[in-house]
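# Coordinate analysis (summary)
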Amino acid sequence: MPDIKATPLGAGQDVGRSCILVTIGGKNIMLDCGMHMGYNDDRRFPDFSYITEGALTDYLDCVIISHFHLDHCGALPFMTEMVGYNGPIYMTQPTKALCPVLLEDMRKVAVERKGETNFFTSGMIKDCMKKVITVSLHETMQVDSELEIKAYYAGHVLGAAMFHIKVGSQSLVYTGDYNMTPDRHLGAAWIDKCRPDLLISESTYATTIRDSKRCRERDFLKKIHDCVDRGGKVLIPVFALGRVQELCILLDTYWDRMNLKVPIYFTMGLAETANKYYRMFITWTNQKIRQTFVHRNMFDFKHIKPFDKSYMENPGPMVVFATPGMLHAGLSLAVFKKWAPNSNNMVIMPGYCVQGTVGHKILNGAKKVDFENRTSVDVNLSVEYMSFSAHADAKGIMQLIRHCEPKNVMLVHGENAKMDFLRQKIMQEFNINCYKPGNGETSIIPVSSNLDVEVSLPLLKHTISAVSQPALAAPTSSKSSTNEEAQPKKQKVYESKKQKVLHGVLIMKNNGVRIVGVNEAWSELGVASHQLRFTERIEVDDHGPVPALTSSMHTLLSQKLGASQVQAVSECQLSVADSVFINIRDDDSGRAILLSWTHQDEALGSKLLDIIKTTYKK
């Protein structure tokens, strides 16, 4: 089988625009098809011309989407409807339901608010989603006769999945984004100990080991409480689904406990959308949410109301969850522009911000932000970063590698310097190769093929029942028998479990490999048998009667090998183990013993030759 090749078209030493092209066992697979939040030009989508000059459908065997975040699915309608790909697309049911919601939201921002042209339409999004085939968790999906995929729970967001991809004896695991610790509404990622040839893992938080979740939540609530106490407004930029549900549950519970009356708002429409889909896919949430759902829907918030744009002008304190999460467009950016000059206000960034976004700029200390229409905003409000990100941290990534036991690891969806640190750690701790290709750079992962071989039942039975050489050599005196009976049972069990050499014929037929016994092979292949025998002549200095010598030899060999193995055929011939023959002859040159054995009995033949030469040779 050829080596595995992997080329990032996005997310190579970078966060955003996940799109990994993989060749495994002769199959070409695209893992995710995302857009970059930091660009508004051609760079936001992957360069599909890199894949092939011809039709994408002819080259790609399938596309796999890990979850609904736009940096993992945002370029999908562009690829299918504008570039032209008609092959199969695989994702989970929640991802299929939520992808069009986020894609349409992005299209509205790009086309209706920014006036962009050459962008996909609502109709294109619908046509794209018609090509999707849904995959259930732990279901093995046969893409074709050789390629199969299997989805595993990834945590992170509703419907997120890791994928195990197999072609013949080669396999890889693609994690997408995942979280190894459970949170307030989702469980932790989990996968079988599948030992793939390659694990492709996200590494957004490659050098971070998060502090206690409880401490982080307490700090988050305290900062918000202090800000609204002094009359300030708090903006929390979030994406429509995922982290926002986590924070809403946290804040709604705290407001109830503290009996606070300050209004909390959530972008209008998204609360209803979230509620609808979380109710629909309740089995994807954690155990606590599922158990309480019968009595109370955790996503029907008591203190959180829909937000209207006009509320930006309202005096007094308030808390607003607004989309999108990196302050690169939409309502969250509009609210930020309005509130940024006031030092009483606060913005809390609860997750990673891609380079080029306003969120990334203010987290790096920018006190003034310039915009495309030659306007600028002074940043006087306090900026806080609190990682409620649902990505695996460095500890979680190492935990997944330890459990999955891959032969090679590739890091994507992370910053180059941080990846370097984690790469060294992985190579040091697990003694395996770790790759981190940049965009457009191909990593070639050498793989050793494991061949599954079927062994015929008759051959196995014959090998197991065959008496081992040490047992053949056991003496038969009464004293020895007593010692044998006195042997501990443990010793006997150990003897029976010793490795045995299996002699057979390897047959390759109908894409399978089998080992069968020699006679089975002759019968199955219709081949006439030809037996190869070796004969050794040993001249002996014995002039007594031949039957006396035969009897003497029978006694000697029975003591050495065991009585059941030696049979008298005639007064001048013995057989050992039914296939080795001993003849005694008198001819012109004197008396001789002729020892004859087949090539299968070479070990036994050599042993008998040594005994006879030592005892009888001239």
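Keep in mind the model is a prediction, meaning the values are calculated, not measured. Counting restarts for each chain: residues are numbered from 1 in the order of the written sequence. For this predicted model, a pLDDT threshold of at least 70 governs which residues receive local features, and a threshold of 80 or more governs which side-chain atom pairs are given and counted, while totals over whole chains, interfaces and linings are taken from all residues. Calculated side-chain values reflect all of the structure's heavy atoms, with hydrogen atoms and water omitted.

## Let's talk about the packing of aromatic side chains
- Whether two aromatic rings pair depends on their centres lying within 6.5 Å, for rings of Phe, Tyr and Trp, where Trp uses its six-membered ring; planes under 30 degrees apart make the pair stacked, over 60 edge-to-face, and the rest tilted. What the rule picks out here adds up to 14 aromatic pairs.
- Ring geometry for F220 and F388: centres 5.0 Å apart, planes at 70°, overall edge-to-face. One end of the pair, F220, is in helix α6 (residues 213-229); the other, F388, is in the loop between β19 (382-385) and α12 (394-404), and 168 residues separate them in sequence. Just as F220 is buried, F388 falls in that class too.
- Taken together, the aromatic side chains of F45, F48, F78, F119 and F120 make up a single cluster linked through ring pairs.
- Counted as over-ring charges are cases with an Arg CZ or a Lys NZ within 6 Å of the ring centre that also lie within 35 degrees of the ring normal. The side chain of R44 reaches across the aromatic face of F45, ending 5.6 Å from its centre.
- One residue, K337, lies across the ring of F371, its end atom 4.3 Å from the ring centre. Numbering of helices and strands starts at the N terminus; helices are DSSP runs of H or I of at least 4 residues and strands are runs of E of at least 2. A 1.4 Å probe rolled over the protein chains alone gives each residue an accessible area, and that area as a share of the maximum for its type sets the label: buried under 20%, exposed over 50%, partly exposed in between.

## Here we look at the layout of surface pockets
- The computed volume of the second largest pocket comes to approximately 1,400 Å³.
- For the lining of the second largest pocket, the secondary structure elements donating two or more residues are α4 (93-113), α8 (270-280), α10 (330-339), α11 (358-363) and β17 (368-370). Note on definitions: the grid is 1 Å and covers protein atoms alone; a cavity is a set of points where a 1.4 Å probe fits but cannot get out; a pocket is an open set with protein on both sides within 12 Å along at least five of seven lines; lining residues have an atom within 4 Å of a point. Grid points are joined across faces, edges and corners, and a volume is the space filled by probe spheres set on the points.

## Details of the sheet that holds strand β30 (residues 590-598)
- One open sheet holds the five strands; their spatial order is β26-β30-β29-β28-β27, and the pairing between them is antiparallel. The open sheet terminates on both sides in strands that have one partner only, identified here as β26 (533-539) and β27 (566-570). Averaged over all adjacent pairs, the angle separating strand axes in this sheet is 25°, with direction ignored.
- Paired strands are those between which DSSP finds at least two bridges. Where β27 lies against strand β28 (residues 573-576), four bridges are found, and the strand directions are antiparallel. If you follow A568 over to β28, its bridge partner there is L574.
- Note on contacts: a residue pair is in contact if any heavy atoms of the two residues lie within 4.5 Å. Under this scheme, a helix contributes an axis fitted over its contacting stretch, all axes are lines through C-alpha atoms, and angles between N-to-C directions fall in the 0 to 180 degree range. Strands β26, β28, β29 (580-587) and β30 of the sheet are contacted by helix α20 (residues 602-616), whose axis makes an angle of about 165° with β30.

## Some words on the packing of helix α3 (residues 76-84) against helix α5 (residues 122-130)
- In contact at an axis separation of 9 Å, α3 and α5 are set at 95° when each is read in the N-to-C sense. The orientation of α3 relative to α5 falls into the category roughly perpendicular. Of the residues in α5, those touching α3 at L76, P77, T80, E81 and M82 are M124, I125, D127 and C128.
- Classes in brief: Ala, Val, Leu, Ile, Met, Phe, Trp, Tyr, Cys and Pro nonpolar; Asp, Glu, Lys and Arg charged; the others, Gly included, polar. Looking at the contact of α3 with α5 residue by residue, the classes come out as six nonpolar, one polar and two charged. Geometric relationships in this document are graded by angle, where less than 35 degrees denotes roughly parallel, more than 145 denotes roughly antiparallel, 65 to 115 denotes roughly perpendicular, and other angles denote oblique.

## Let's talk about the side chain of K27
- Of note, K27 is situated in strand β3 (residues 27-31).
- The class for K27 is buried, based on a relative accessible area of 11%.
- There is a polar contact of 3.3 Å between the side chain of K27 and the side chain of E146.
- For K27, the contacting residues outside a window of four places in its chain are V22, D61, D144, E146, L147 and V167. A 3.5 Å cut-off defines polar contacts: any pair of N or O atoms within that distance qualifies, except that in protein one atom must be a possible hydrogen donor and the other a possible acceptor, and neighbouring residues in sequence count only when both atoms are side-chain atoms.

## Side note on the environment of M427
- Tracing the backbone through its elements, the reader meets M427 in helix α13 (residues 416-430).
- Residue class for M427 comes out partly exposed when judged on its relative accessible area of 29%.
- For the pair M427 and V409, spaced 18 residues apart in sequence, the C-alpha separation works out to 9.1 Å.
- When residues no more than four places from it in sequence are discounted, the contact partners of M427 are I432 and C434.

## Brief notes about the pairing of strand β10 (residues 170-174)
- Taking burial as the measure, the five residues of β10 include five buried ones, the bulk of the element.
- Alternating positions in β10 separate into two faces, Q170, L172 and Y174 on one and S171 and V173 on the other, with burial throughout.
- With five bridges connecting them, strand β9 (residues 161-167) and β10 associate as antiparallel partners. Bridge pairing in β10 links H164 to V173.
- Between β9 and β10, which pair antiparallel one after the other, the connecting turn spans two residues, and G168 there sits at a positive phi close to 60°.
- Sheet topology places β10 next to strand β11 (residues 198-202); three bridges connect them, and they run parallel. By the bridge assignment for β11, L172 is matched with L198.

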